[in-house]
Amino acid sequence: MQGVMKAHQLGRVLRHSSSSTLLYSLSRFQSPCILEANSEYCSNNSSLWRGYFTSGTIYGNYMEKDGNLRRNVCQCQKCSMMFRASFSTEAGTVESSATESVKELYDKMLKCVVEQKSAPPNALLWSLLQSCANHEDVNLLFDILRRLRIFRLSNLRIHENFNCALCQEITKACLRVGAIELGKKVLWKHSLYGLTPNIGSAHHLLLFAKKHNDVKLLVEVMNLVKKNDLILQPGTADIVFSICSQTDNWDLICKYGKRFVKAGVKLRKTSLDTWMEFASKIGDVDALWKIEKIRSETMKEHTLASGLSCAKGFLIDHKPEDAAAVIQLLNLTVPDSRRQNFIVELQKLVADWPLEVIKLQKDERKKELAATLQHDIPTMLSALSNMGLKLNVNVEDLTRNEAILS
């Protein structure tokens, strides 16, 4: 009797359910055979419920249609693929265009997790990582990562994320196929994939940005680093500064330079050299001396780049003797293996740098700086000659060079 009452209640619910609601529920599978069968169902909706209940027994056209619908679902290849992916829309969509080797590895891992209820061998995941060759492959990779995370939590009671080494390889796989957005997800502190955000993964993304001179990606990665509380490293500064230098973005290198210093990062010689060379290139002596102060607190001796940058700063400040003293100090300390490079860079300082730095000044500042350098560079060369360092360089008349003054 109780079963008959429940059957009557079910009948009332189904009678008041709109066909459009049922159609929407079925169309979630995105299968042509289902939609075709469902259209047939809708067209015969008026007679579908005829003879629905008799003495509590369910029978009639509905069961016939339902049986046909189920057979169509089972016979549909696309649906079987999506059932195998546990109704994962993303996995079902990309599987058709993923490479065969990746699909095979994905299916093996999925079978372990879904059917066998066991953790797949680590070798399968590493092989899948190395086999990723396009964006669809990486989509399957992230889908299986999500499933593995759920399996580890629910079945194995493992709450830890995947280790940093694996996460870095995931980042490299994303970059290899150009899936930048997925690669950035590795830096997320909270995600569906059980990934461990680490500065090593950020470095891979930054190196990709450096290779393509992508300032936008640089900014996005540095924002993610900050948002997810990743610890900045000296290597991070090396990459960031080199990107800013390559793209002539002085404001950005200053912004991140202050951030590194505030975070207590001990900047390497390479980072400081890049920063100081950039400052001397554009003639920003105020910033140059601030960077030199940071450098002098951690390093006793100048590198070739930092020493020549200071010499350029002294020339802009109208102090040619100080510039000569710095160059002479470099002359005494530079190793023999780098002496030829030292002479070349010194010749560039005299012949090329004045033209470059004057061009980058504001119009009202150009003539003033040209006059200063025109007077002070010969004075510096004379002082160097008295110290025993002679250079055969012709100093161009900077005050009459219309190309750089205009």
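Per an unreviewed UniProt entry, the recorded name for the protein chain is Adenylyl cyclase, and the organism is Anisodus tanguticus.

**Q** Which residues make up the packing of helix H13 (residues 199-211) against helix H14 (residues 215-227), and what values do they have?
**A** Where H13 contacts H14, the axes come no closer than 9 Å and their chain directions differ by 170°. Comparing the axis directions of H13 and H14 gives the class roughly antiparallel. Facing Ile-199, Ala-202, Leu-205, Leu-206, Phe-208 and Ala-209 of H13, the residues of H14 in contact are Leu-217, Leu-218, Val-221, Met-222 and Val-225. Here the residues of the contact of H13 with H14 sort into 11 nonpolar, no polar and no charged.

**Q** Provide a residue-level description of unusual backbone geometry, including the pertinent values.
**A** In this model, Lys-117 sits at a positive phi of 55°, which is unusual for a non-glycine residue. Within the secondary structure, Lys-117 is located in the loop between helix H8 (100-115) and helix H9 (122-131). Backbone geometry places Arg-157, a non-glycine residue, at a positive phi of 60°. Mapped onto the elements of the fold, Arg-157 is located in the loop between helix H10 (135-154) and helix H11 (164-176).

**Q** Tell me about the packing of aromatic side chains, residues and numbers included.
**A** Each aromatic ring pair is specified by the distance between its two centres and by the angle formed by the two planes. Scanning the entire structure with this criterion turns up 5 aromatic pairs. Arranged with centres 5.0 Å apart and planes meeting at 85°, the rings of Phe-142 and Tyr-193 form a pair that is edge-to-face. With a gap of 51 residues between them, Phe-142 in helix H10 and Tyr-193 in the loop between helix H12 (180-185) and H13 connect regions that are remote in the sequence. The interplanar angle of 85° and the centroid separation of 5.8 Å between the aromatic rings of Phe-241 and Phe-260 together place this pair among those described as edge-to-face. Of the two residues, Phe-241 is situated in helix H15 (residues 234-246) and Phe-260 in helix H16 (residues 250-262); the sequence distance between them amounts to 19 residues. Both residues of the pair, Phe-241 and Phe-260, belong to the buried class. For Lys-281, the ring lying beneath its charged end belongs to Phe-278, and the centroid distance is 5.8 Å.

**Q** Got a sec to walk through helix H18 (residues 285-298)? Specific residues and values, please.
**A** Taking 1.5 Å of rise per residue, the 14 residues of H18 would be expected to cover 20 Å, and the 20 Å separating its terminal C-alpha atoms lies within 8% of that figure. What H18 keeps buried is the set Val-285, Ala-287, Leu-288, Ile-291, Glu-292 and Arg-295. Each buried residue of H18 lies within a common arc of 150° when the element is viewed along its axis, so the set occupies one face. Among the exposed residues of H18, those pointing more than 90 degrees away from its buried face are Asp-286, Lys-290, Lys-293 and Glu-297. At its buried positions, H18 is contacted by H16, helix H17 (269-282) and helix H19 (304-316).

**Q** Which residues make up the packing of H13 against H15, and what values go with them?
**A** Contact pair H13 / H15: the axes reach a minimum separation of 10 Å and the direction vectors enclose 15°. The angle between H13 and H15 falls in the class roughly parallel. For the crossing formed where H13 meets H15, the hand is left-handed. On H15, the residues touching Ile-199, His-203, Leu-206, Leu-207, Ala-209 and Lys-210 of H13 are Gly-235, Thr-236, Ile-239, Val-240, Ser-242, Ile-243 and Gln-246.

**Q** How would you explain the environment of Val-221 if you had to name every residue and give the values?
**A** Following the sequence through the fold, Val-221 ends up in helix H14. Val-221 gets classed as buried once you look at its relative accessible area, which sits at 0%. Spatially, the C-alpha atoms of Val-221 and His-203 are 9.1 Å apart, while their sequence positions differ by 18 residues. When sequence neighbours within four positions are dropped, the list of residues in contact with Val-221 reads Leu-187, Ala-202, Leu-205 and Leu-206.

**Q** Give a detailed account of the nonpolar core, specifying residues and quantitative values.
**A** Counting residues in hydrophobic clusters, the biggest one holds 72 residues, and the most contacted among them are Leu-218, Val-240, Trp-250, Phe-260, Ile-327 and Met-380. Top element by residues in this core is helix H23 (residues 363-386). It accounts for 8 residues. With near-sequence residues (within four places) excluded, Leu-218 lies in contact with Leu-206, Ala-209, Val-240, Ile-243, Cys-244, Leu-252 and Tyr-256. Judged by nonpolar contacts, the second largest core, of 32 residues, contains Val-102, Ile-144, Leu-182 and Val-186.

What counts and how
- Residues numbered from 1 in each chain as written.
- Predicted model: local features only at pLDDT ≥ 70, side-chain atom pairs only at ≥ 80, totals over all residues.
- Heavy atoms only, no water.
- Axes fitted to C-alpha atoms, helices over the stretch in contact; angles between N-to-C directions.
- Helix = DSSP H or I, 4+ residues; strand = E, 2+ residues; numbered from the N terminus.
- Parallel < 35°, antiparallel > 145°, perpendicular 65-115°, else oblique.
- Contact = heavy atoms within 4.5 Å.
- Nonpolar A, V, L, I, M, F, W, Y, C, P; charged D, E, K, R; others polar.
- Phe/Tyr/Trp six-rings, centres within 6.5 Å; stacked < 30°, edge-to-face > 60°.
- Buried < 20%, exposed > 50% of the residue type's maximum accessible area, 1.4 Å probe, protein only.
- Lys NZ or Arg CZ within 6 Å of the ring centre and 35° of its normal.
- Expected span 1.5 Å × (residues − 1).
- Arc of directions from axis to C-beta.
- Left-handed = near helix turned anticlockwise from the far one by under 90°.
- Core = buried A, V, L, I, M, F, W, Y, C linked by side-chain atoms within 4.5 Å.

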